[in-house]
Structure formats: structure tokens, C-alpha cells
Amino acid sequence: MRYEGSIYRPPSEAYSLIVQVTIGCAHNGCTFCSMFKDKKFRVRDVNEVLEDLDMARKYYKHVERVFLADGDALALSGSKLFRILDYIGGLFPECERVSVYGSPQDVLRKTPEELSGLRSKGVGIIYIGAESGSEKVLKDVCKGASRDEIIAAVRKIEDSGIKSSVTFISGLGGRAGWQDHAVSTGTMISQMEPSYASLLTLMTDPAAPLYDDIEAGKFELLSAEEVVEETMLLLRNVNVGRNCVFRSNHASNYVSLRGDLPKDKERMLDQLESAMKNPAHLKDERFRML
């Protein structure tokens, strides 16, 4: 396999074959993110991708899942994606699922027929970073997509029969905007009704533009207790009419939550309430990581 730069994948793709079909992220402007700042975006030649798949077939006896990287593999045209997916299907008949990162803009550019075609050719999950339901926060972090566009993209994915996995970032509104961030994110989840919703907690490194604002005191990070309070407010504002798998068990999180909404909502709120009363239940800063 040939990889360029650092490789990132969702936690649930830990055992997947990772193949780069793009290098970097087409948007690459989010102020909190440093993942692809060292790469200039480009789409790999499809023949190179197929060669990598051939290499993987020679090396791996059994491949159940394939993850197409980098930041927004869904930026590829439908015809290129179909060619890659057909090749995966022929080369790895045991493959049960292909998944991709996709920006809201990528999804909205795809026709319903293209998305249905992706599903029929093995795409089971599209991962989207929504980050926040707050219009203000989305603008502040230069997300490049509005609240309505993100909701529409997730609904479009779900309507195609593909599952959506949507990520949000606790603390992204800072101390000044935590309530708006929490309430708006909760109502966004309610409107989009994704198959999966997950929370990680804001952490930055010097390569992220937001880091400078934090160092200069322009952006105030939340304390562990404030993050828990924000998460409680977020959950109280989630009201979904169908099952949504909810996770807040990333290495960055202070409290690990696992449950299904709406079934486990009260249990998870009780868990957060307990952590508020007993700080020993909060993850020590030494063990948090991106």
C-alpha cells in the first residue's frame, strides 16, 4: 500500500483496509482542524487506487471492510467512485461494507441516483463532520456549510438507504457560546435524525488556526465540568423519532457515553449528573488525546 502524509480514519474503521482515493481535504479551512494542513488537495488517479487494491489483495487474506480516505473521498465523481467500488467488489468478494468521509457539499452535489448507486455497490456509511448546530459557530470556525445544508445532506444520505455517522465537537462554541452550541446541536440532531451521532471534545494543536486564538485569550476553552453541563443541555434538546446510536466515548471526552436515543437518553443524563457531583468520574487531562 502507498500512503501520503498522515492517515486519519473514524474509530469504528480501526480494522478496515484504508485506501486513499483523495489526498487531503478539499475545504481544509476549518479553524479547529489541523489534520490536513500539510497536504494540498488532489484526487488520485483511479488507476493508482486500483493498483493499491491489488497490492492489498496480495497481502491480506480476508478484508471485511474498506475505508476510502482522505478527508472527503465523496468529492470524486460518481463514475470514478463506481469504478473503484466495482473493483473492490470483484477483488474482495468477502467485503461487507465500504465507507467514506464526505463533506455536506459533497453529498449535496450528488444526485439521489448516484447515492443509491453507491449504496448498491457497497457503501454502507458516510461520515460527516457537522461540528455544531449553531449557525454562528459554523461561521466562526469557517465550516463552509450552513446548518440547513448540513441537515439536508444528512437527510439525503439517510433517504438513499446509506447510514450517516455525524460528528459534533463539545466546547466548540467556547465559554461565550456554549449554550447556543448545545441547544442548536441538540435540535439539529433532532431534525436530521442520523443513524449515528457522536461527540468528541475540543482539543487543538499549534497547527490549527484556533490554537492562536486560545493562546491569545480570544477563545476560552470550557472546563471539564462545563463540558459535562453543555453535553447535558445538548442531550435534553435531542428528540428523535427513530433510533439513533449515540456515542461520546472518544479519547478526548471527559465522560464516556454509549447508548441509543431516545431509549437511553435519561440513563446517559443520569451518568452526566453523577459526574457533575463526583469529579473523580471525569477523565484526567493526562489521559485525553486527539
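One structure accompanies this document, and this report is about it. A quick note: this is a predicted structure, and the numbers were derived from the prediction, not measured.

## As for the nonpolar core
Within soluble globular proteins, side chains that are nonpolar generally end up buried alongside one another.
At step 1: By size, the foremost hydrophobic cluster in this structure holds 67 residues, and its most contacted members are Leu53, Leu68 and Ile84.
At step 2: Setting aside anything within four residues of it in sequence, one finds Ile84 in contact with Val21, Val46, Val49, Leu50, Leu53, Leu68 and Leu76.
At step 3: If you look at the next biggest cluster of nonpolar residues, it comprises 11 residues, including Cys30, Cys33, Val137 and Leu172.

## Quick notes on the pattern of salt bridges
At step 1: Scanning all chains against the criterion turns up 20 salt bridges.
At step 2: Residue Lys121 pairs with Asp86 through a salt bridge whose shortest N-O separation is 2.9 Å. Note that Lys121 is positioned in the loop between helix 4 (112–120) and strand 6 (123–131) and Asp86 in helix 2 (residues 78–91), a separation of 35 residues in sequence.
At step 3: With relative accessibility at 43%, the residue Asp86 sits in the partly exposed group.
At step 4: One salt-bridge network, held together by shared partners, links Arg2, Arg44, Glu48, Glu51 and Asp52.

## Remarks on the sheet that holds strand 5 (residues 97–101)
Strand pairs in the sheet, formed through backbone hydrogen bonds, run parallel or antiparallel to each other.
At step 1: Spatially, 1-4-5-6-7-8-9-10 is the arrangement adopted by the 8 strands of the open sheet, whose pairing is mixed. Looking along the sheet, the strands with just one partner apiece sit at the ends: strand 1 (17–20) and strand 10 (257–261). On average, each strand axis in the sheet is inclined to that of its neighbour by 20°, with strand direction left out of account.
At step 2: One ladder, built from 6 bridges, connects strand 6 with strand 7 (residues 163–170); its direction is parallel.

## Some details on unusual backbone geometry
At step 1: Here the amide bond leading from Ala69 into Asp70 is cis, since omega sits at 5°, within 30 degrees of zero.
At step 2: With respect to the helices, strands and loops of the structure, Asp70 is situated in the loop between strand 4 (65–69) and helix 2.
At step 3: Here Leu261 and Pro262 are connected by a cis peptide whose omega angle stands at 5°.
At step 4: Mapping Pro262 onto the fold places it in the loop between strand 10 and helix 10 (265–277).
At step 5: Its identity is not glycine, yet Asn28 carries a phi of approximately 50°, on the positive side.
At step 6: Following the sequence through the fold, Asn28 ends up in the loop between strand 2 (22–23) and strand 3 (42–43).
At step 7: The backbone phi angle of Glu193 is positive, close to 45°, even though this residue is not glycine.

## Notes on helix 9 (residues 224–236)
At step 1: Taking 1.5 Å per residue, 13 residues should reach 18 Å; helix 9 reaches 19 Å between its end C-alpha atoms and fits that length.
At step 2: In this structure, the buried side of helix 9 is in contact with strand 7, helix 7 (178–192), strand 8 (196–201), strand 9 (244–248), strand 10 and helix 10.

## Topic: the packing of helix 1 (residues 46–59) against helix 2
At step 1: Across the interface, helix 1 lies against helix 2 with an axial gap of 11 Å and an inter-helix angle of 15°. One element, helix 1, and the other, helix 2, form an angle in the roughly parallel class. Between helix 1 and helix 2 lies a crossing whose hand is right-handed. Residues Val46, Asn47, Val49, Leu50, Leu53, Asp54 and Arg57 of helix 1 pack against Lys80, Arg83, Ile84, Tyr87, Ile88 and Leu91 of helix 2.
At step 2: A class-by-class count of the residues in the contact of helix 1 with helix 2 yields 8 nonpolar, 1 polar and 4 charged.

## Some thoughts on the pairing of strand 1
At step 1: Alternating positions in strand 1 separate into two faces, Leu17 and Val19 on one and Ile18 and Gln20 on the other, with burial throughout.
At step 2: With 4 bridges joining them, strand 1 and strand 4 adopt parallel strand pairing. Its bridge partner lying in strand 4, Ile18 is registered against Phe67.

## Here we look at the packing of aromatic side chains
At step 1: By the definition in use, this model includes 5 aromatic pairs.
At step 2: With 5.5 Å between their ring centres and 80° between their planes, Tyr8 and Phe36 make a pair best called edge-to-face. Separated by 28 residues along the polypeptide, Tyr8 in the segment before strand 1 and Phe36 in the loop between strand 2 and strand 3 bring together distant segments of the chain.
At step 3: Owing to a relative accessible area of 28%, Tyr8 belongs among the partly exposed residues under this scheme.
At step 4: Here the aromatic rings of Tyr101 and Tyr127 are separated by 6.1 Å at their centres, their planes lie at 70°, and the arrangement is edge-to-face. Here Tyr127 lies in strand 6 and Tyr101 lies in strand 5, a separation of 26 residues in the sequence. The same class applies to Tyr101 as to Tyr127, namely buried.
At step 5: Through a chain of ring-to-ring contacts, three or more aromatic side chains come together here, namely Phe67, Tyr101 and Tyr127.
At step 6: The residue whose ring lies beneath Lys121 is Phe82, and the NZ or CZ to ring-centre distance is 5.6 Å.

Parameters at a glance
- Residues numbered from 1 in each chain as written.
- Predicted model: local features only at pLDDT ≥ 70, side-chain atom pairs only at ≥ 80, totals over all residues.
- Heavy atoms only, no water.
- Core = buried A, V, L, I, M, F, W, Y, C linked by side-chain atoms within 4.5 Å.
- Buried < 20%, exposed > 50% of the residue type's maximum accessible area, 1.4 Å probe, protein only.
- Contact = heavy atoms within 4.5 Å.
- Salt bridge = Lys/Arg side-chain N within 4 Å of Asp/Glu carboxyl O.
- Helix = DSSP H or I, 4+ residues; strand = E, 2+ residues; numbered from the N terminus.
- Pairing = 2+ DSSP bridges.
- Axes fitted to C-alpha atoms, helices over the stretch in contact; angles between N-to-C directions.
- Expected span 1.5 Å × (residues − 1).
- Parallel < 35°, antiparallel > 145°, perpendicular 65-115°, else oblique.
- Left-handed = near helix turned anticlockwise from the far one by under 90°.
- Nonpolar A, V, L, I, M, F, W, Y, C, P; charged D, E, K, R; others polar.
- Phe/Tyr/Trp six-rings, centres within 6.5 Å; stacked < 30°, edge-to-face > 60°.
- Lys NZ or Arg CZ within 6 Å of the ring centre and 35° of its normal.

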